[in-house]
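Chain by chain, the residues run as shown.
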Amino acid sequence: MQGPNDQPVDTIRARQITAIKQAINFNEPVPDSLAYEPQWKVLILDKYSQDVISPLLNVKQLRDLGVTLHLLVTSRRESLPDVPAVYIVSPTDDNVRLIGEDLAKAMYDQFYLNMIYPLSRPRLEVLAQSAVQGNSVQQVRKLMDQYLNFISLEDDLFVLRRYNEESALSYHAINDPETSDERMLAIIDSIVDGLFSVCATLGVIPIIRCPKDNAAEEVAKKLDKKLRDNFRDARNNLFTMDNIRAGVNIHRPVLIIADRGMDLATMLHHTWTYQALIHDVLDLDLNRVSMTDKQGKRKEYDMQPHDKLWHLNKGKAFPEVAEAVQSDVDDYRKNETKIKELKSAMHMEGDIADQAMSMISDTTAKLSSTVGSLPELLEKKKLLDMHTNVATAVLDHIKHRKLDELFETEEKLLNRQMLDAPLIDQMKICTDPTDALRLMLINYLCSPTISKPELEEQCAHLRELGVEESAIKFVKRLRSVSNMHRANEEHQGAGTKTVSMFSKLLNSSSRFVMEGVKNLVLKKHNLPLTKMVDSLIDTRSTGGQSTSAVDEFRYFDPKLMNAAASREMMKAQGGKLAQDVIVFVVGGGNYVEYQNIAEYGRAKGLTRITYGTTEIANPRQFTDQLTRLGRKVNF
């Protein structure tokens, strides 16, 4: 990631990778020297730490760190008394019990215990007792709290938990009327602990901003106290300059905490950008795409950070991505022709030829004018095949479900434009019943008025499709108790335009037959969350905090002594543009919002902008959450 002046920017992903590598290396910095020889070890994980590490380090990278074997702490494991073991686990009661059993049996030569978040005193005593019982106290070399309980998916994107139906940090869990006060406090504490770990990993104490009177404010208040207490604790301060993770940044970061309730429509919207489409119509989880091909075979692909095509195009409209993939395919074919000519001249064929060619320096020299080296070309082909397969699968969904038309219709709804035909007509062409439900929900969320006969006609059509109406009941309830349209008015400025049909994608050699698909180009606009961020970090035009910003948003500065000083500081923050921004959404987010925030940061020339959320949910998963909430609504 580069800053506005092309200077490398320290990212949350890079810092978390460094911290995990150090933990695996017995909590010693990993040398950059080529002569570094790692000590062999066993890595013991739990499901959560596996989720944390999976998007960051592959098996080869773990092997380079000396990991011969990585196992789940819950699995049956053989005793290896001559091998050191590095544990990276959550300090839960179950995990502490399992580690205690390992200590009692003295299963490994040395124990290096790394807790994803701080270990409580009672659990520490359980571990100590187990070590004494197993006579393995001397074998416990280190016990560290690592503050790593978040998942970095991109350089500028993190989540606190991987999505699952029963997630304790979901929009459903936070808004469930059956959630007890004690359970709600535990949810807030989990979010605070995750955000504290983000701050500790980045080595920053941010100024915190949030809207009033919702879960985001509760998170902000508790996080402010936790940062304040740590900053003033001379013995355990994680933010001193000599701390190994302390960030050196001349710009004080601003952490903006938002609540999902401010904008539900973005979570339901049919999208048109590559990464978000993959998440919507395929299965994108921890940067791994899972899909079923036309032969019914399950395939999985890892979206790698070094993949240039992915890096440059993941946030672009699908037609642009299809053009880019086809262009790279055409370039590859030209290079492939040159390789075949070389193979023919050397009388080499097949896979053996590929392996042999990769080792012949004079051949790679001949290819330097095209791609630099043969291994590079072969890697490019592998990535191209992946994107061709993924993009083709996405295109099949677009055609089958008429996603281009749905996207165009919803953009008009969000932008308060007149539809070309009644909404019910668009609902009737949906081949997937969930698409019809999403379309109706967006219309209901964004229309200032909707007639009772119109609403009943739409509900009747959903009943014909066998779609449960509970999600509509929940949105009705929200609409009756809050002014939802104010937030949804912030969508204005969106829209699409149709440009001349695809140039490269209509010729006979193209892998992507785009006939019948609209070439929609996105108009640049800011989503409601991005507009809120802009109003809080860019006060140059107003010369200071506007009255609405003072009235509607809280200001916390953990470095200041009291709330009165924070209020005075807020008034003094005039005429500035924050350069380091972390945007966090309580209750779930998605890739559309992430890309919009990232584009905003680039357009403003910010040094660093990072998007985070409790979890990333695709539209089908979020619709399911609304449905489950609607079942508990009583009118």
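Overview of the structure. Just so you know, these numbers come straight off a predicted model, no measurement behind them.

### Let's talk about the overall build of the protein
A tally of helices and strands in the protein yields 26 helices and 17 strands. Out of the 635 residues in the protein, the part that is buried amounts to 53%. Within the protein, residue pairs in contact and separated by at least 24 positions form 79% of the contacts whose partners lie at least 6 positions apart. Here the protein has roughly 29,100 Å² of accessible surface; of this, 50% comes from carbon and sulfur atoms.

### Topic: the sheet that holds strand S2 (residues 67-72)
Strand order in the open sheet formed by 5 strands is S2-S1-S3-S4-S5, and the pairing between neighbours is parallel. Unpaired on one side and paired on the other, S2 and strand S5 (140-145) mark the two borders of the sheet. Across the sheet, the mean angle separating the axes of adjacent strands is 20° when strand polarity is ignored. Summarising the sheet, strand S1 (residues 41-45) and S2 pair through 5 bridges and their orientation is parallel. Residue pairing across strands places Ile44 opposite Leu71, the latter belonging to S2.

### Here we look at the packing of helix H4 (residues 93-105) against helix H5 (residues 121-133)
Close contact between H4 and H5 brings their axes to 8 Å; oriented N to C, the two are set at 15°. The angle between H4 and H5 places the two elements in the roughly parallel class. Viewed along their axes, H4 and H5 form a crossing whose handedness is right-handed. Together, Asp93, Val96, Ile99, Gly100, Leu103 and Ala104 of H4 and Arg123, Val126, Leu127, Ser130 and Ala131 of H5 make up the contact between the two elements. Here the residues of the contact of H4 with H5 are counted per class, giving 7 nonpolar, 2 polar and 2 charged.

### What to know about unusual backbone geometry
A positive phi angle is found at Asn27, which is not glycine, with a value near 60°. For Asn27, the position within the fold is in the loop between helix H1 (12-24) and S1. Asn27 sits in the buried class, given a relative accessible area of 11%. Within the chain, Asp213 stands out as a residue other than glycine whose phi angle is a positive 65°. Relative to the elements of secondary structure, Asp213 occurs in the loop between strand S8 (207-211) and helix H8 (215-231).

### Topic: H5
Between its first and last C-alpha atoms H5 spans 19 Å; for 13 residues at 1.5 Å apiece the expected length is 18 Å, and the two agree. For H5, the full list of buried residues reads Leu127, Ser130 and Ala131. One side of H5 carries all its buried residues, which in axial view fall inside an arc of 100°. In H5, the exposed residues that point more than 90 degrees away from the buried face are Arg121, Pro122, Gln129, Val132 and Gln133. Of the surrounding elements, those touching the buried residues of H5 are H4 and strand S4 (108-115). In the stretch just after H5, Asn135 is the one whose phi turns positive, near 55°.

### Details of the pattern of salt bridges
For the structure shown, the criterion picks out 38 salt bridges. Linking Arg463 and Glu469 is a salt bridge whose minimum nitrogen-to-oxygen distance equals 2.8 Å. Between Lys604 and Asp534 there is a salt bridge, with its nearest N and O atoms 3.4 Å apart. With Lys604 in helix H25 (residues 591-604) and Asp534 in helix H22 (residues 528-537), this residue pair connects regions lying 70 residues apart in the sequence.

### Concerning the pairing of strand S3 (residues 80-89)
Sheet topology note: the S1/S3 ladder contains 4 bridges and is parallel. Within S3, the residue paired with Ile44 across the bridge is Tyr87. As judged from the 7 bridges shared by S3 and S4, these two strands associate in the parallel manner. Counterpart to Val89 in the pairing with S4 is Met115. In this view, the connection linking S3 to its parallel neighbour S4 by way of H4 has right-handed handedness.

### Let's talk about the nonpolar core
Of all hydrophobic cores here, the largest spans 120 residues; its most connected members are Ile278, Val390 and Ile537. Ranked by the residues each element gives to this core, the list is headed by helix H15 (residues 374-401), at 10 residues. If sequence neighbours within four positions are ignored, Val390 has contacts with Tyr274, Ile278, Leu282, Val289, Met291, Tyr301 and Met303. In this structure, Ala173, Ile191, Leu223 and Ile257 belong to the second largest nonpolar core, which totals 36 residues.

### Examining the packing of aromatic side chains
By the definition in use, this model includes 13 aromatic pairs. Centre to centre, the rings of Tyr274 and Trp310 are 5.6 Å apart; their planes meet at 65°, and the pair counts as edge-to-face. Of this pair, Tyr274 sits in helix H10 (residues 274-281) while Trp310 sits in helix H11 (residues 308-313); the two residues are 36 residues apart in sequence, bridging distant segments of the chain. Trp310 carries the same exposure label as Tyr274, and that label is buried. Relative to Tyr594, the ring of Tyr591 lies with its centre 6.5 Å away and its plane at 75°, an arrangement referred to as edge-to-face. In this pair, Tyr591 and Tyr594 are both assigned in helix H25, 3 residues apart and thus about one turn of the helix distant.

### Observations regarding the pairing of strand S9 (residues 254-259)
For a regular strand, side-chain orientation follows a simple rule: the groups alternate between the two sheet faces. Of all 6 residues in S9, 6 are buried, a share of seventy percent or more. Covered by surrounding structure in S9 are Val254, Ile256 and Ala258 together with Leu255, Ile257 and Asp259, the residues of both alternating faces. By the bridge criterion, 3 bridges tie S8 to S9 in an arrangement that is parallel. Of the residues in S9, the one forming a bridge with Ile207 is Val254. Note: S9 against strand S16 (residues 580-586), 6 bridges, orientation parallel.

### A word on the sheet that holds strand S11 (residues 288-292)
Within a beta sheet, neighbouring strands are joined by backbone hydrogen bonds and run either parallel or antiparallel to one another. On the basis of which strands lie adjacent, the open sheet formed by 3 strands has the order S10-S11-S12 and antiparallel pairing. The sheet terminates laterally at strand S10 (283-285) and strand S12 (298-302), the two strands that pair on one side only. In this sheet, adjacent strand axes meet at a mean angle of 20° when their direction is disregarded. Bridge analysis of S11 against S12 gives 5 bridges, and the strand direction is antiparallel. Each bridged residue has a counterpart across the sheet, and for Val289 the counterpart in S12 is Tyr301.

### Let's talk about the packing of helix H7 (residues 181-202) against H8
With their axes 9 Å apart at the nearest point, H7 and H8 run at an angle of 50° to one another. Relative to H8, the element H7 lies oblique. In terms of crossing hand, the pair formed by H7 and H8 is right-handed. Touching Met184, Leu185, Ile188, Asp189, Ile191, Val192, Asp193, Leu195, Phe196 and Cys199 of H7 are Ala215, Glu218, Val219, Lys222, Leu223, Lys226, Leu227 and Asn230, all from H8.

Criteria and thresholds
Position labels on residues start from 1 in each chain and follow its written sequence. Thresholds applied to this predicted model are a pLDDT of at least 70 for local features of residues and 80 or more for the giving and counting of side-chain atom pairs; totals over whole chains, interfaces and linings are not thresholded and use all residues. Hydrogens and water are ignored here; the side-chain numbers use all heavy atoms of the structure. Segments assigned H or I by DSSP are reported as helices when at least four residues long, segments assigned E as strands when at least two residues long, and all are numbered from the N terminus. For each residue, the accessible area found with a 1.4 Å probe, counting protein chains only, is set against the maximum for its type, and the residue is called buried under 20%, exposed over 50%, and partly exposed in between. Residue contacts are defined here by distance: any two heavy atoms, one from each residue, within 4.5 Å place the two residues in contact. The method behind every accessible area is Shrake-Rupley, applied with a 1.4 Å probe, and residues are considered shielded solely by the protein chains displayed. Here, a strand pair is defined by DSSP locating no fewer than two bridges between the strands. What counts as an axis is a line fitted to C-alpha atoms, over the stretch in contact for a helix, and the angles between N-to-C directions run from 0 to 180 degrees. An angle below 35 degrees is read as roughly parallel, one above 145 as roughly antiparallel, one from 65 to 115 as roughly perpendicular, and any other as oblique. In a left-handed crossing the near helix is turned counterclockwise from the far helix by less than a right angle, and in a right-handed crossing that turn is clockwise. In this count, Pro and Cys sit with the nonpolar residues alongside Ala, Val, Leu, Ile, Met, Phe, Trp and Tyr, while Asp, Glu, Lys and Arg are called charged and the others, Gly among them, polar. By this rule, a helix spans an expected 1.5 Å times one less than how many residues it contains. This arc is taken over the directions from the axis of the helix to the C-beta atoms. The term salt bridge refers to a pairing of a side-chain nitrogen on Lys or Arg with a carboxyl oxygen on Asp or Glu at a separation within 4 Å. We call a crossover right-handed when, viewed with both strands directed away from the observer, the connection leading from the first strand over the helix to the second proceeds clockwise. Here the nonpolar core consists of buried residues drawn from Ala, Val, Leu, Ile, Met, Phe, Trp, Tyr and Cys, with membership extended through side-chain atoms lying within 4.5 Å. Stacked, edge-to-face and tilted are the three classes for Phe, Tyr and Trp ring pairs, Trp counted by its six-membered ring, which pair at centre distances within 6.5 Å; planes under 30 degrees apart are stacked, over 60 edge-to-face, the rest tilted.

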